[in-house]
Number of protein chains: 2
Amino acid sequence: MDSGRLTLPIEEGMDSQLRELVQRLKPDAVRNSDGTALPAVAKELVDKVYATYFPSRGDHDWSRAHPDQRVHQYLMSRRHVGGGEPLHIDVMEGYFSQQFAPEMDCDKSKYWQVIDRTTNSEVPYGQWSVRQAPARAIDRAAEAANSGPQDPEAASAIVTIEDPEPFHEYTVNFLARQIWDSTQIYNYLTNDWAADPNRKKDKTYDPAYAQTWQFMQRALKEWLGEHPEVDVVRFTTFFYHFTLVFGEDAREKYVDWFGYSAAVSVPALEEFERVKGYALRPEDFVDAGYYNSPFRPPRKRFLDWIDFVSSQVADKAKVLVETTHEAGREAMMFLGDNWIGTEPYGKYFSQIGLDAVVGSVGNAATCRMISDIEGVRYTEGRFLPYFFPDVFNPEGDPVGEANESWLGARRAIIRNPLDRMGYGGYLSLAVAHPDFIERVEQIVAEFRSLHSVSDGQRPENSRIKVAIVNAWGSLRAWQTHMVAHALHYREAYSYVGVIEALAGLPFDVKFMSFADVQNGGLEGIDVVINAGSAGTAFSGGPVWEDPALVVAMREFVAGGGGFIGVGEPTGLTAKAAGTSGVTFALADVLGVDRERDWSLSTDKYPRRAREHFVTADLDSPFVPGEALAGVFTTTGTSLAHTEGGVSLAVNEYFGGRAVYATGMAYSVANARLLHRAIYWAAGAEGEWEQAGLCSNPALEVAHYPNGKILVANITGSDQSGIISGFSTEPVNVPSMQVKWVK
Amino acid sequence: MDSGRLTLPIEEGMDSQLRELVQRLKPDAVRNSDGTALPAVAKELVDKVYATYFPSRGDHDWSRAHPDQRVHQYLMSRRHVGGGEPLHIDVMEGYFSQQFAPEMDCDKSKYWQVIDRTTNSEVPYGQWSVRQAPARAIDRAAEAANSGPQDPEAASAIVTIEDPEPFHEYTVNFLARQIWDSTQIYNYLTNDWAADPNRKKDKTYDPAYAQTWQFMQRALKEWLGEHPEVDVVRFTTFFYHFTLVFGEDAREKYVDWFGYSAAVSVPALEEFERVKGYALRPEDFVDAGYYNSPFRPPRKRFLDWIDFVSSQVADKAKVLVETTHEAGREAMMFLGDNWIGTEPYGKYFSQIGLDAVVGSVGNAATCRMISDIEGVRYTEGRFLPYFFPDVFNPEGDPVGEANESWLGARRAIIRNPLDRMGYGGYLSLAVAHPDFIERVEQIVAEFRSLHSVSDGQRPENSRIKVAIVNAWGSLRAWQTHMVAHALHYREAYSYVGVIEALAGLPFDVKFMSFADVQNGGLEGIDVVINAGSAGTAFSGGPVWEDPALVVAMREFVAGGGGFIGVGEPTGLTAKAAGTSGVTFALADVLGVDRERDWSLSTDKYPRRAREHFVTADLDSPFVPGEALAGVFTTTGTSLAHTEGGVSLAVNEYFGGRAVYATGMAYSVANARLLHRAIYWAAGAEGEWEQAGLCSNPALEVAHYPNGKILVANITGSDQSGIISGFSTEPVNVPSMQVKWVK
């Protein structure tokens, strides 16, 4: 049996168990976690010791001595309706008083803003004023139970609008000082850390302040000197946390894994103005309360902010990485927590000079998100479940979670392997579940075999090149429709299924922005996919009002390209639909359109096909995921429908083809359906029988350059099927296993 | 037993059966139908003889002698994509060549239009040209089977765009001459009239042409002189048919019961320009292919056109009615077919001077639409089923249809009685179903008793005044969300349920436009209802971008009013939602909002109530109708929810209250729920026990000024329940029946 390629989380006080586990699982690296310390024995167990390092929240003395250099965030107050008298708004209403306090020490006329949401206009400073106020006392019981005693920095502020218009709604955009780190709040609430009187709250500090930045550089140098046992510095992460806001009931209130809101500060805003030549306003961050969610079609000002933050972060992270290298250690970045500004597909990422990236793997898409990263020497996936008490308890099912995560991720690992795998959390919790340890042993062995039997090569892909087209393009490869990392959202899963399926299918996949399309990006692409709800960054929103984009896509398809639309692809705004006469800008290409009750007067007579290449492997009705009603065929042919309308359709458009589906929730059946849809859209259905696939979609096949063929059972039951071009005898693969044949 | 109040359709060749039926059913009037002639015996059977009169299509000689004076309609060609060469568009592609031919005899630069739908811009005349072409030969077999030999007037036209932009989509708006009457086409297709060689196609003529108008006046005078046996001239109707377009496969292609498209002509457009001071363009009618559907938020130009047509029609109809009166006859209008311009709630209707209106009754709402008409001496409902072979055949269920129609309509008749009832079609078909005749006998008796036992009084209504607010307001009282008359549409029934329930509930209901609201219309109103999908005329669409409207509604509710929102009430366009931060303009009033995937990052923690006054009579989960996902509570409290979100919620807003439901499909349970919701929204739940209602929602109670109480079983099974304030003993009412108590 192989060894290595595995990182185990360890902790103090379980040395003998550790030795036994190392014998058994043969890790070549160990690590600590947020909240655990490395035992002295670490160094003798394995080749490499990782240590978690928090550049922006590790030092309590510094953070407490410099409250003015904390990270900040723009928040929007609750909406308040004005009457005939002065309107007082307590800006912290609804927010967790332990997490934020209003930043009073700034120019309010510039860094705060009051907006009349009924007229969408700013109320001039002078017509409103701000005064400090004590922290709100709401739900202190709930807060205290989970988060310990009240922070003395907790405070609020009252904004008074002197003469509000009656029955207009007002909100305050205010700059807030963050007084407790977001991930640590989560850990407190999840792991009952408040019960431990020795813990001290982390207060994140911001290197946008020169003094803090000097401190950060110095602190890392000192830490490296003090920790010669550490081989790999696992930065968790650099500076700015993704947007994670808690409510006054100490529950999560807002979460955006891509949120750039917590990177804001007065010096950063000043520097932005210097670099970009214009000043951002609070509303550019608050965005009517949507806070530039990745589902919002991004505005130029927000894209500029992303660019600015990424550039600043890359510059500073590079310095810390260089310091790490100078000390003879490796620098690894955790893809999460304070990762804002280090998006690994962004244009500044490779300048940082990292050795490795490690990230949490929940399924195939999140695995490819890591394994496809370029510009680092190796990648590592931290597998689920995390060893936390929410799963590792007598009622939990850690084996079930491990299987689900592994079956999903393995599809992606086969296509583009992670170099390493690992786990995180408290090992002491995991060893209390021997069946879990046993399953990990099997998974690790299988992971190593994917590297060794394949001779480290990637399997062959189809010649068909696929592009996912949305507003984010390559910046967010494999990260479409994500809100909180890999969590399920009713509104998203029907679209996430597209990339989840693709992450394990034998296609080269490119993520492309609408701007890329207009800049000739479709050269060499065979099939374009546009998936998402109308008005979002993923389907596109207002971009489809640009005739040049519409024409570029039509030209691509007419010239022989394929177009796959999912949900409300190319969905127009109401205004544009009202003048163009269609709801989908590319209704002509798709052969379907969606009813907005404006064309109920038009009779619809769907053309239906009972059999089609695309649906040939479906043995039960197509299940798109979340229901989307009102889609009807125009020139297209329906392959599946419900009482609510068409759910799957195909169309021919000059020399090209289109496939439409209301959704593509991930399932074994839908992954195969997408596979076939891509072949059909590319006009390549004649090549299907030569693709070496299995007749049974539950068995995914990978053909390696060394002639080896891997057959992976991606389900929890035994499967068999015939592999085209290989043998007419069926191949049998037991539940969840893989089989190498040839 | 009473007699009278009943109109029976009769026909030639069944005199002895007629005498027997008259004995039995005791009608006081008889009528012919479209396609039948009155027998000579008519006059001696009953008091009054109605005769159908078609002012604009009765004379074949006139219509054939004046092909240039036909009615016209604007049609949009199919959408065509341009390439690098001249683009030829056959404008009639997809249309029924027996119904329309392009109008070549007009100034194309003015009355035709070519639009680039990709840029939403007009292609200047000169860059395109038109040439006549023979009628398309597509589907002639299908056409001929149903519609007889090809009309020699059938023709098409080819529009050539010389230099189209590659991959832009083009459409032609063309003026078409109608060569066959729409209702007659329907009759041909439904009743196999093509098999009768004696029938001649009706070609509707247009009184906008002075010569035709002179003829129409003369023809009526002559007809009156030739038909002394006729007491009541049943105008069917006046001039312009609602929009009803057939496709090249001889199936219905487009239907809008409110459509003003077929009232267009060159003289009308010229007169419009003179009267209104500006000229309409073809696109004002074509409306990107939506043809100003009543679901479209109406634009001022279209409202001007409605006003213009209504004024013109009223002027001319008045002349015909006066002629009828001068001949000593009554003038009755059929509310349907060629009724455009005579909307009975329009401002010109009463000027026509009609004696009566008769209309088809499909349910409670369509019944109230007729019985609420003011300015006529009496109203008559034509009940379903129509005696046509589509129902009266061995497989049909005429009794079932009669019961359904009667149970629905009776709820409305109790609230505001029609003066008369009647049937239509071929009596010879109906008498072949003795069980149907028997059921009609019972229904007619019940109808008469509602008039006699009540002493002709209306029952008492609640003090609570309700207003339905939408773009159409009073013009379309009881006609919201209607596409084709009373037909079921998946997209509409969840909203139609609101007026269907109200049509039988004891409330004064006002239909009010958004403009009315801003002009103080809410004075005296207790509860406002806004129901519909976002972006439609019924929820409002762009009107909610007007702060004055938003403020007026907030002020109304804050001051103690009630607001009931159904579906996507006050739904904003994407642009407005993007800046205001809400999807429903009155999200603050409603306490709910709808997700458009922009606020997925915001955690939703619905507040739920298990019991509430509004749901107190529900004995199974709330069924709103069509599923509408993504609604969540903000400040409101959920009373019902599904996996897709909240489906019913309540909210308090200053001194007032709001109720929200995703839909309110008509059902016994939902009618009661709406009844309670109105009481609660009005803050009148304390009056509920004094309202004299039945504990069982299947028994509707009406209290008359003469002290009589009517208990109506609105279901098909026996029911019992206790009437509050009447007796603690339950009242039992057999299936479908009514009981008078006191």
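As shown above, the structure is provided for reference.
For every chain, the first residue of its written sequence is number 1, and the numbers climb from 1 along that sequence. Each chain takes a letter, starting from A, and each ligand takes a number, starting from 1, following the order in which they are written. For a predicted model such as this one, the threshold for reporting local features is a pLDDT of at least 70, and the threshold for listing and counting side-chain atom pairs is 80 or more; totals across whole chains, interfaces and linings nevertheless cover every residue. The basis for every side-chain value is the complete set of heavy atoms in the structure, and neither hydrogens nor water enter the calculation.

Visitor: Quick rundown of the overall build of chain A? Include the residues and the values.
Guide: When helices and strands are tallied, chain A shows 20 helices and 33 strands. Referenced to the eigenvectors of the C-alpha coordinate spread, the extents of chain A come out at roughly 75 × 70 × 45 Å. Going through the 742 residues of chain A one by one, you find that 65% of them count as buried. Put simply, 74% of the contacts in chain A that link residues at least 6 apart link residues at least 24 apart. Where accessible areas are quoted, they stem from the Shrake-Rupley method and a 1.4 Å probe; at the residue level, only the protein chains shown are allowed to cover. For chain A, the exposed area adds up to about 25,700 Å²; of that, 49% sits on carbon and sulfur atoms. Positive residues here are Lys and Arg, negative ones are Asp and Glu, while His and the chain termini are left out of the count. Working definition for charges: the position is that of NZ of Lys, CZ of Arg, CG of Asp or CD of Glu. A gap of 2 Å separates the mean positions of the 68 positive and 98 negative side-chain charges of chain A. Where helices and strands are cited, they refer to DSSP runs of H or I of at least four residues and of E of at least two residues respectively, numbered from the N terminus. Type-normalised accessible area, obtained with a 1.4 Å probe on protein chains alone, sets the label of each residue: buried when under 20%, exposed when over 50%, and partly exposed for intermediate values. Residues are treated as being in contact if the distance between any of their heavy atoms lies within 4.5 Å.

Visitor: Quick one: what's the story with the nonpolar core, residue by residue and with numbers?
Guide: Soluble, globular proteins show a tendency: their nonpolar side chains are buried together. In terms of nonpolar packing, the biggest core is built from 195 residues, with Trp112(B), Trp305(B), Phe436(B), Trp478(B), Leu502(B) and Ile564(B) touching the most fellow members. Considering every element that reaches this core, the biggest residue donor is helix α10 (residues 300-326) of chain B, with 10 residues. In contact with Leu502(B), other than residues within four places in its own chain, are Arg368(B), Val466(B), Ile468(B), Trp478(B), Phe507(B), Val509(B), Ile529(B), Leu674(B) and Ile678(B). Phe238(A), Trp472(A), Leu502(A) and Leu693(A) belong to the second largest nonpolar core, which has 194 residues in total. Buried Ala, Val, Leu, Ile, Met, Phe, Trp, Tyr and Cys residues form a nonpolar core when they are joined through side-chain atoms within 4.5 Å.

Visitor: So what's going on with the relation of the copies chain A and chain B? Residues and values would help.
Guide: To line up the copies, we fit them by least squares on C-alpha atoms, keeping just the residues with pLDDT of at least 70 in both. For the pair chain A and chain B, the best superposition has an RMSD of 0.0 Å and corresponds to a rotation of 180° with a translation of 0.0 Å parallel to the axis. A rotation of that kind, with that shift, is consistent with a two-fold axis.

Visitor: Lay out the interface of chain A and chain B with the relevant residues and their values.
Guide: Each partner contributes to the interface: chain A provides 59 residues, whereas chain B provides 59 residues. Buried area is understood as the total, over both parts, of accessible area removed when two parts are fitted together, assessed with a 1.4 Å probe. Between chain A and chain B lies a buried interface of about 5,200 Å² when both sides are counted; carbon and sulfur atoms form 54% of it. Looking only at chain A, the three residues that lose the most surface to chain B are Phe167(A), Tyr290(A) and Trp598(A), adding up to 15% of its buried area. In what follows, salt bridge is the name for a side-chain nitrogen of Lys or Arg lying within 4 Å of a carboxyl oxygen of Asp or Glu. If you look at where chain A meets chain B, you find two salt bridges. Arg554(B) is paired through a salt bridge with Glu169(A); the nearest N and O atoms lie 3.3 Å apart. Two N or O atoms count as a polar contact when they lie within 3.5 Å, although within protein this holds only if one can serve as hydrogen donor and the other as acceptor, and sequence-adjacent residues are included solely when both atoms are side-chain atoms. Across the chain A-chain B interface, the total number found is 30 residue pairs in polar contact (both at pLDDT 80 or more).

Visitor: Outline α10(B), listing residues and values.
Guide: A rise of 1.5 Å per residue sets the reference length of α10(B), with its 27 residues, at 39 Å; its end C-alpha atoms lie 39 Å apart and thus fit the reference within 8%. Once α10(B) ends, the next one or two residues include Gly328(B), with phi positive near 80°. Given the number of residues in a helix, its expected span is that number minus one, multiplied by 1.5 Å.

Visitor: Can you break down the sheet that holds strand β18 (residues 378-383) of chain A residue by residue, with the values?
Guide: All names here are of chain A. Pairing is parallel around the closed barrel formed by eight strands, whose spatial order is β1-β2-β3-β13-β16-β17-β18-β19. Averaged over all neighbouring strand pairs, the angle between strand axes comes to 25°, with direction disregarded. Note on pairing: two strands pair once DSSP finds at least 2 bridges between them. By the bridge criterion, three bridges tie β18 to strand β19 (residues 420-422) in an arrangement that is parallel. Across the sheet, residue Glu380 finds its bridge partner in β19, namely Arg420. In the packing of helix α11 (residues 364-371) onto the sheet, contacts are made with β16 (330-335), β17 (356-361) and β18, and the angle to β17 comes to roughly 175°. Comment: axis = line fitted to C-alpha atoms, over the contacting stretch for helices; angle = value between 0 and 180 degrees taken between N-to-C directions.

Visitor: Would you mind going over helix α14 (residues 434-452) of chain B in detail, with residue names and values included?
Guide: With 19 residues, α14(B) should reach 27 Å at 1.5 Å per residue; the first-to-last C-alpha distance of 27 Å fits that figure. Among all positions of α14(B), only Phe436(B), Ile437(B), Arg439(B), Val440(B), Ile443(B), Val444(B), Glu446(B), Phe447(B), Arg448(B), Ser449(B), Leu450(B) and His451(B) are buried.

Visitor: Which residues make up the pairing of strand β20 (residues 465-470) of chain A, and what values go with them?
Guide: All names here are of chain A. In terms of residue burial, β20 counts as a mostly covered element, since five of its six residues are buried. Looking at chain direction, β20 and strand β21 (residues 508-513) are connected through six bridges and run parallel. Bridging across to β21, Ile468 finds its partner in Phe511. Inspection of the sheet shows β20 paired to strand β22 (residues 527-532) by three bridges, in the parallel sense. Residue pairing in the sheet places Ile468 in a bridge with Ile529 of β22.

Visitor: Go over a negative patch on the surface with me, naming the residues and quoting the values.
Guide: Residues and elements named next belong to chain A. A cluster of acidic residues, Asp390, Asp397, Glu401, Glu404, Asp435 and Glu438, forms a negative patch at the surface. Mapped by element, the contributors of at least two residues to the negative patch are α12 (398-415) and α14 (434-452). Take Asp435: it is sitting in helix α14. Under the relative-accessibility criterion, Asp435 is labelled partly exposed at 46%. Grouping into patches uses exposed residues only, defined as over 30% relative accessible area, and leaves out salt-bridged ones; the cut-off is 9 Å for like charges and 5 Å for nonpolar side chains (Val, Leu, Ile, Met, Phe, Trp, Tyr).

Visitor: Can you break down unusual backbone geometry residue by residue, with the values?
Guide: Here Leu384(A) and Pro385(A) are connected by a cis peptide whose omega angle stands at 0°. For Pro385(A), the location among the structural elements is in the loop between β18 and α12. Even without glycine at this site, Lys26(B) takes up a positive phi of about 55°.

Visitor: For the sheet that holds strand β28 (residues 656-661) of chain B, give the residues involved together with the corresponding values.
Guide: Residue and element names in this part refer to chain B. The mixed open sheet is built from seven strands, whose spatial order is β21-β20-β22-β23-β28-β27-β26. Looking at strand neighbours, the two that pair on one side only are β21 (508-513) and β26 (637-642), the edges of this open sheet. Each strand axis lies, on average, 15° off the axis of its neighbour in the sheet, ignoring direction. Relative to strand β27 (residues 645-653), β26 is paired through five bridges, and the arrangement is antiparallel. In the sheet register, Thr637 faces β27, and the bridge partner there is Val650.

Visitor: Explain the packing of helix α8 (residues 266-276) of chain A against helix α10 (residues 300-326) of chain A to me, and be specific about the residues and the numbers.
Guide: All names here are of chain A. Between α8 and α10, the shortest axis-to-axis distance is 11 Å and the interhelical angle comes to 105°. Between α8 and α10, the interaxial angle falls into the category roughly perpendicular. Across the interface between the two elements, Ala268, Leu269, Glu271, Phe272, Val275 and Lys276 from α8 touch Asp304, Trp305, Asp307, Phe308 and Gln312 from α10. Only Asp, Glu, Lys and Arg are considered charged, only Ala, Val, Leu, Ile, Met, Phe, Trp, Tyr, Cys and Pro nonpolar, and every remaining residue, Gly among them, polar. Partitioning the contact of α8 with α10 into residue classes produces six nonpolar, one polar and four charged. An angle below 35 degrees is read as roughly parallel, one above 145 as roughly antiparallel, one from 65 to 115 as roughly perpendicular, and any other as oblique.

Visitor: How would you summarise the side chain of Thr52(B) if you had to cite specific residues and measurements?
Guide: All names here are of chain B. Mapped onto the fold, Thr52 is located in strand β3 (residues 48-53). Under the relative-accessibility criterion, Thr52 is labelled buried at 9%. When near neighbours in sequence (up to four residues on either side) are disregarded, Thr52 contacts Asn32, Ser33, Trp223, Arg234 and Thr236.

Visitor: Account for the packing of aromatic side chains, naming residues and giving values.
Guide: In this scheme Phe, Tyr and Trp rings, the latter by its six-membered ring, pair at centre separations within 6.5 Å, and the angle between planes marks the pair as stacked below 30 degrees, edge-to-face above 60, and tilted otherwise. Per the counting criterion, the structure on display carries 92 aromatic pairs over all chains. With 6.3 Å between their ring centres and 35° between their planes, Phe96(A) and Trp180(A) make a pair best called tilted. Pair noted here: Phe96(A) is in the loop between β6 (87-90) and β7 (100-102) and Trp180(A) is in the loop between β12 (169-178) and α6 (182-191), with a separation of 84 residues, a long-range link. The same class applies to Phe96(A) and to Trp180(A), which are both buried. Here Phe387(A) and Tyr423(A) contribute two aromatic rings whose centre-to-centre distance is 5.6 Å and whose plane-to-plane angle is 20°, an arrangement assigned as stacked. In this pair, Phe387(A) sits in the loop between β18 and α12 while Tyr423(A) sits in the loop between β19 and α13 (427-430), placing the two residues 36 residues apart along the sequence. When its relative accessible area of 2% is taken as the criterion, Phe387(A) is described as buried. With relative accessibility at 1%, the residue Tyr423(A) sits in the buried group. Members of the aromatic cluster, connected to one another through ring pairs, are Tyr53(A), Trp213(A), Trp223(A), Phe235(A), Phe238(A), Phe239(A) and Tyr240(A). A ring is scored as having a charge over it whenever the NZ atom of a lysine or the CZ atom of an arginine sits within 6 Å of its centre and within 35 degrees of its normal. When the ring centre of Tyr605(B) is taken as origin, the NZ or CZ atom of Arg251(A), which lies over that ring, is 3.7 Å away. Geometry around Trp472(B) places Arg476(B) over its ring, the cationic atom sitting 4.2 Å from the centre.

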